[in-house]
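Observations on chain architecture
Now for the letters of each chain:
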Amino acid sequence: MPNASSWSASSPLLLLWEDSSGTRIFLSLLYAVLAISGTLSNVMVIYLVFSFKKLQTTSNAFIVNGCAADLSVCALWMPQEAVLGLLPPNSSSLRSAEYRLLRGGLLSLGLTVSLASHLLVAFNRYVLITKLPSVYQALYQRRHTGCMIGLSWALALLLVPLLPGLWTPGSAQQPPPRQTDGGSRYTALLLALAVLGQTALLLHCYLGIVRRGRGSAKRVSVLNFHLLRQLPFPAAPPPPRRAQRRLSSVSVLLLCCVFLLGTQPLVWVSLLGFFLRPAPAALQAASWLLLCSLSALNPLLYTWRSEEFRRAARSVLPRAEGSAAAPRHAAA
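Residues numbered from 1 in each chain as written. Predicted model: local features only at pLDDT ≥ 70, side-chain atom pairs only at ≥ 80, totals over all residues. Heavy atoms only, no water.

Concerning the overall build of the chain
Note the cut-off: The numbering of helices and of strands both runs from the N terminus, where a helix is a DSSP run of H or I of at least 4 residues and a strand a run of E of at least 2. To sort residues, take the accessible area from a 1.4 Å probe on protein chains only and compare it with the maximum for the residue type: under 20% means buried, over 50% means exposed, and anything in between is partly exposed. Contacts between residues were defined by any pair of non-hydrogen atoms, one from each residue, lying within 4.5 Å. Surface exposure here means Shrake-Rupley accessible area, sampled with a 1.4 Å probe, where a residue is shielded only by the protein chains that are shown.
Assigned secondary structure in the chain consists of 13 helices and zero strands. Listing the helices and strands of the chain from first to last along the sequence gives α-α-α-α-α-α-α-α-α-α-α-α-α. Here the chain holds 332 residues, and the buried ones make up 47% of them. For the chain, long-range pairs separated by at least 24 residues make up 78% of all intrachain contacts whose partners lie at least 6 apart in sequence. Surface exposure of the chain reaches about 16,600 Å², of which carbon and sulfur atoms provide 68%.

Brief notes about the UniProt feature "transmembrane region" (unreviewed entry) in the chain
The condition is simple: UniProt positions are given in the numbering used here, feature names are shortened, and annotations may be inferred rather than shown by experiment.
Sequence positions flagged by UniProt for "transmembrane region" (unreviewed entry) are, in local numbering, residues 25–50, 62–80, 100–123, 144–167, 187–209, 250–276 and 282–304. What you have in residues 100–123 is 100% helix and 0% strand, and the ends, taken at the C-alpha atoms, are 35 Å apart. Secondary structure within residues 250–276 divides into 96% helix and 0% strand; the distance between the first and last C-alpha atoms comes to 37 Å.

Re the packing of helix 2 (residues 21–51) against helix 12 (residues 307–316)
Selection rule: Axis angles are defined between N-to-C directions and span 0 to 180 degrees, where every axis is a line fitted to C-alpha atoms and, for a helix, only to the segment in contact. For classification purposes, angles smaller than 35 degrees are called roughly parallel, those larger than 145 roughly antiparallel, those between 65 and 115 roughly perpendicular, and all remaining angles oblique. Ten residues, namely Ala, Val, Leu, Ile, Met, Phe, Trp, Tyr, Cys and Pro, are considered nonpolar, four, namely Asp, Glu, Lys and Arg, are considered charged, and the remaining ones, Gly among them, are considered polar.
Running from N to C, helix 2 and helix 12 cross one another at 95°; their axes reach a closest spacing of 10 Å. The angle between helix 2 and helix 12 places the two elements in the roughly perpendicular class. For the pair helix 2 and helix 12, contact is made by M44, V45, Y47, L48 and V49 and by F309, A312, A313 and V316, respectively. Here the contact of helix 2 with helix 12 is composed, by residue class, of nine nonpolar, no polar and no charged.

Here we look at the pattern of salt bridges
Definition in use: The working definition used for a salt bridge is a side-chain nitrogen of Lys or Arg within 4 Å of a carboxyl oxygen of Asp or Glu.
In total, this model carries five salt bridges according to the counting rule given. In this structure, R103 engages E81 in a salt bridge whose closest nitrogen and oxygen atoms are separated by 2.6 Å. Residue R103 is located in helix 5 (residues 97–130), and its partner E81 is located in helix 3 (residues 58–84); the two are separated by 22 residues in the primary sequence. Note on accessibility: R103 and E81 belong to one class, buried. Among the ionic pairs, R314 bridges to E307, the shortest N-O distance being 3.1 Å. According to the relative accessible area criterion, R314 is partly exposed, its value standing at 43%. A single salt-bridge network, built from bridges that share partners, covers E307, E308, R310, R311 and R314.

Digging into a nonpolar patch on the surface
For clarity, the threshold we go by: A residue counts toward a patch only above 30% relative accessible area and without a salt bridge, and it is joined to like-charged neighbours within 9 Å or, for Val, Leu, Ile, Met, Phe, Trp and Tyr, to nonpolar neighbours within 5 Å.
Where nonpolar side chains cluster on the molecular surface, the patch consists of I25, L29 and L86 and spans about 310 Å² of accessible area. Note on placement: L86 falls in the loop between helix 3 and helix 4 (92–95).

Structural notes on the environment of V121
Assignment of secondary structure puts V121 in helix 5. With 62 residues separating them along the chain, V121 and S59 place their C-alpha atoms 5.9 Å apart. When residues no more than four places from it in sequence are discounted, the contact partners of V121 are S59, F62, I63, Y206 and Y302.

Looking at the packing of helix 2 against helix 11 (residues 281–303)
Rules: Each crossing gets its hand from how the near helix is turned against the far one by less than a right angle, where anticlockwise is left-handed and clockwise is right-handed.
Between helix 2 and helix 11, whose axes approach to 9 Å, the crossing angle comes to 30°. Regarding the angle of helix 2 to helix 11, the classification is roughly parallel. Two packed elements cross with a definite hand, and for helix 2 against helix 11 that hand is left-handed. For the pair helix 2 and helix 11, contact is made by L27, L30, Y31, L34, S37, G38, S41, N42 and V45 and by L289, S293, S295, A296, P299 and T303, respectively. Residues that form the contact of helix 2 with helix 11 fall into these classes: eight nonpolar, seven polar and no charged.

Looking at the packing of aromatic side chains
As a reminder of what qualifies: Planes of paired rings set the category: under 30 degrees apart is stacked, over 60 is edge-to-face and the rest tilted, where pairs are Phe, Tyr or Trp rings (Trp by its six-membered ring) whose centres lie within 6.5 Å.
Under the definition given, this model contains four aromatic pairs. Between the aromatic rings of F62 and Y140, the centroid separation amounts to 6.1 Å while the plane-to-plane angle is 70°, which identifies the pairing as edge-to-face. Residue F62 is found in helix 3, and its partner Y140 is found in the loop between helix 6 (133–139) and helix 7 (142–159); the two are separated by 78 residues along the sequence. Residue classification places F62 among the buried positions, given a relative accessible area of 0%. Given a relative accessible area of 7%, Y140 falls into the buried group. Centroid distance F274 to F275: 4.9 Å. Interplanar angle 85°. Geometry classified as edge-to-face. F275 gets classed as exposed once you look at its relative accessible area, which sits at 57%.

Describing the state of the cysteines
Filter applied, for reference: The definition used for a disulfide is geometric: two cysteine sulfur atoms within 2.5 Å.
Applying the stated criterion to the full structure yields zero disulfides. Unpaired in terms of disulfides, C74 finds its nearest cysteine sulfur in C292, a separation of 9.0 Å. Relative accessible area serves as the criterion here: at 0%, C74 is assigned to the buried category.

Observations regarding helix 3
Just so we agree on the cut-off: The length a helix should cover is 1.5 Å for every residue beyond the first. At any given residue, the bend is defined as the angle formed between two axes, one fitted to the seven residues that end at that position and one fitted to the seven that begin there.
Across its 27 residues, helix 3 extends 39 Å between first and last C-alpha, which sits within 8% of the 39 Å expected from 1.5 Å per residue. The largest bend along helix 3 measures about 35° and falls at W77, with the proline P79 one to four residues further on. For helix 3, the tally of buried residues reaches 21 of 27 residues, placing the bulk of the element in the interior.

Next up, the structure:
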């Protein structure tokens, strides 16, 4: 019968090495909440973009791409983790290497495409705001946009056989920190450096938007790209310029802070484990949980400031229809 270490080794993203029943139940409930909320929010964003023509823009195409990737995490991977946390430690499902690889593949596919989509959205907005309109039109033709989206999935599919080795050790007799081989250590290092580089590019794009935001707002409205409301700018009628710049900066910085909170703990835990010593198991689990939780938060990060998204959501929700019908009835 497997002991506590074998349970932890079979699902290191879900459970801590102590694997008490309270820990398993708590993390299972947490994954269940993230799975439900993330699935609903990602499906809602995809549905709105495909249903409303005003939302069918280049920037939203990258957002939908990220939502589709996040569904791999929220709708397919998280529910399995929630259920596995409630199973007894001697369950055969937990000892199946093939099943662990399947779960790891779903997770690596979703996270890789999701992180790539973050960068694609940031670069799209950076080009729109800081470059000439002719440059934006030439770069973001429909064919080029489709190629960018396709490359994000192709990159993820190439990495799927590699990344699950980070959390699926070959033996289930010891906790992973003692059995991590050189290949897994270097894979963790490459993953950390890739996320760190992606974060640096994303911050460069959004900080560039903050610096050039005021001059670009007029350019976007003249060209009628329907992207101004997707950016962290207020909807019409705009407030005074100083308030607009302050609100735009706060929105961009908030997005960047949430992204940093979700990605950087894993980066530094991985670097610590490679250059010094493995981090405590609780810290490793917490860093992975923060990264996975981004899949549930991403739809809100990119739509909460968009009046177009809010208007579209109000038009499809039954509650919005009921509240709109009440005034008409009263007026009659």
